[in-house]
Amino acid sequence: MRPPEVLLGNSEDVYDFYRAHRQNRIQAMGAYALLGRRYRPRISYAAGARAAIRDLIRARTPLLIAVNHLSRLDPYTLAAAAWRSELRPIIGRTRVLAKDELFEEEKLRRRIDMMGGIPVFRGSDHGLRAVNAAGQRMMDICAERLAEGDSLAVFPEGTCNDVDPAQVQPVGTGIGHIAFRTSKLGARPVLLSLGLSYGPRADPTVEPTKDEAKSASFHFGVPRTELPTRPAEISRLVRTDLQQALDGAVAAY
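Residues numbered from 1 in each chain as written. Predicted model: local features only at pLDDT ≥ 70, side-chain atom pairs only at ≥ 80, totals over all residues. Heavy atoms only, no water.

Within the protein one finds ten helices and seven strands. For the protein, the C-alpha radius of gyration of 17 Å lies close to 18 Å, the compact-globule estimate for 253 residues. By principal-axis analysis of the C-alpha atoms, the protein measures approximately 45 × 35 × 35 Å. The buried share of the protein, taken over its 253 residues, is 53%. For the protein, the exposed surface amounts to about 12100 Å²; the carbon and sulfur share of it is 51%. When the 36 positive and 29 negative side-chain charges of the protein are each reduced to one mean point, those points stand 7 Å apart. (Helix = DSSP H or I, 4+ residues; strand = E, 2+ residues; numbered from the N terminus. Rg over C-alpha atoms; globule rule 2.2 N^0.38 Å. Buried < 20%, exposed > 50% of the residue type's maximum accessible area, 1.4 Å probe, protein only. Areas by Shrake-Rupley, 256 points an atom, 1.4 Å probe, with all protein chains shown as cover. Lys, Arg positive; Asp, Glu negative; His and termini not counted. Charge placed at Lys NZ, Arg CZ, Asp CG, Glu CD.)

Take the pairing of strand β2 (residues 63–67) next. Along β2, five of the five residues are buried, which leaves the element largely enclosed by surrounding structure. By the alternation rule, side chains of β2 split into Leu63, Ile65 and Val67 and Leu64 and Ala66, which are all buried. Of the strand pairs in this sheet, β2 and strand β6 (residues 190–197) are connected by five bridges, and their pairing is parallel. In the strand pairing of β6, leucine 64 is matched with leucine 191. Pairing analysis gives three bridges linking β2 to strand β5 (residues 151–154), with the strands arranged parallel. (Pairing = 2+ DSSP bridges.)

Looking now at helix α1 (residues 11–20). Turning to α1, its buried residues are Ser11, Val14, Tyr15, Phe17 and Tyr18. On an axial view of α1, the arc spanned by its buried residues comes to 155°, and they lie on one face. Buried residues along α1 sit in contact with β3 (94–99), α5 (106–115), β4 (117–120) and α7 (128–147). (Arc of directions from axis to C-beta. Contact = heavy atoms within 4.5 Å.)

This part takes up the nonpolar core. Note on soluble globular proteins: their nonpolar side chains tend to be buried together. The biggest cluster of nonpolar side chains holds 38 residues, and the ones touching the most others in it are Leu63, Ile65 and Leu87. Listing elements by their share of this core, those giving two or more residues are α2 (25–39), α3 (49–58), β2, α4 (74–83), β6 and β7 (217–220). Core analysis: the next-biggest nonpolar cluster, separate from the first, contains 33 residues, Ala98, Phe121, Cys142 and Val168 among them. (Core = buried A, V, L, I, M, F, W, Y, C linked by side-chain atoms within 4.5 Å.)

Attention now goes to the sheet that holds β7. Judged by pairing direction, the sheet is mixed, and its seven strands sit side by side in the order β1-β7-β6-β2-β5-β3-β4 without closing on themselves. What marks the edges here is a single partner per strand, and that holds for β1 (42–45) and β4. Across the sheet, the axes of successive neighbouring strands diverge by a mean angle of 25°, strand direction being ignored. Here β1 runs beside β7; their pairing, made up of four bridges, is parallel. Counted as the bridge partner of tyrosine 45 is phenylalanine 220 from β7. Sitting on the sheet, helix α8 (residues 174–184) is in contact with β2, β3 and β5, with an inclination near 175° to β2. (Axes fitted to C-alpha atoms, helices over the stretch in contact; angles between N-to-C directions.)

Structure representation (structure tokens):
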């Protein structure tokens, strides 16, 4: 299927495409390995988290991975962390939500597709009413992919945190709805919170330097296998768990 143009007015065709799209795992592994060598983030785990993640992946359990959002470089450092951590076996089977404007340029889009991207039409860019139907479809597609065994990585804050990089900002209900809809399809995704820190910075509105990005700190929380039944409760839990993971990333920096 030829990739449709990623436009809000074309969202039905866009999500039909990403419902069926499959990554080339060999290419994805190569790209993630390259980023793993380029950035070399430091990785730490909460007590028991490493073994738990390994067991879940061996059991082909779908992971709903929540990561705090600090910079436009986060997708690259996150990919490096995946390569250098227990997440390596699910490279090529993990989707990543990314804002729709990243899919505009053809060459960049090919890279994002290879890395597992699924476009998101954000209310902050297009207006809440305008994106409602597309957002509902996007969450359904994510739930279906999880129910089929893929994992999904989300930046649930929705935008870069330029307020306080040591504090998780409000989390939208989207991640809660994705988890809820996955459960309705008969699957039980496991929430994995992953804290990211680029170290102490005087001005959080300024992008991390190249050296700061290369020494990013990632901390894996303990996977949460039991989730609340309501989307809003799931989202509140995500923020709590993500703050704990972020605290671990800051402490390990």
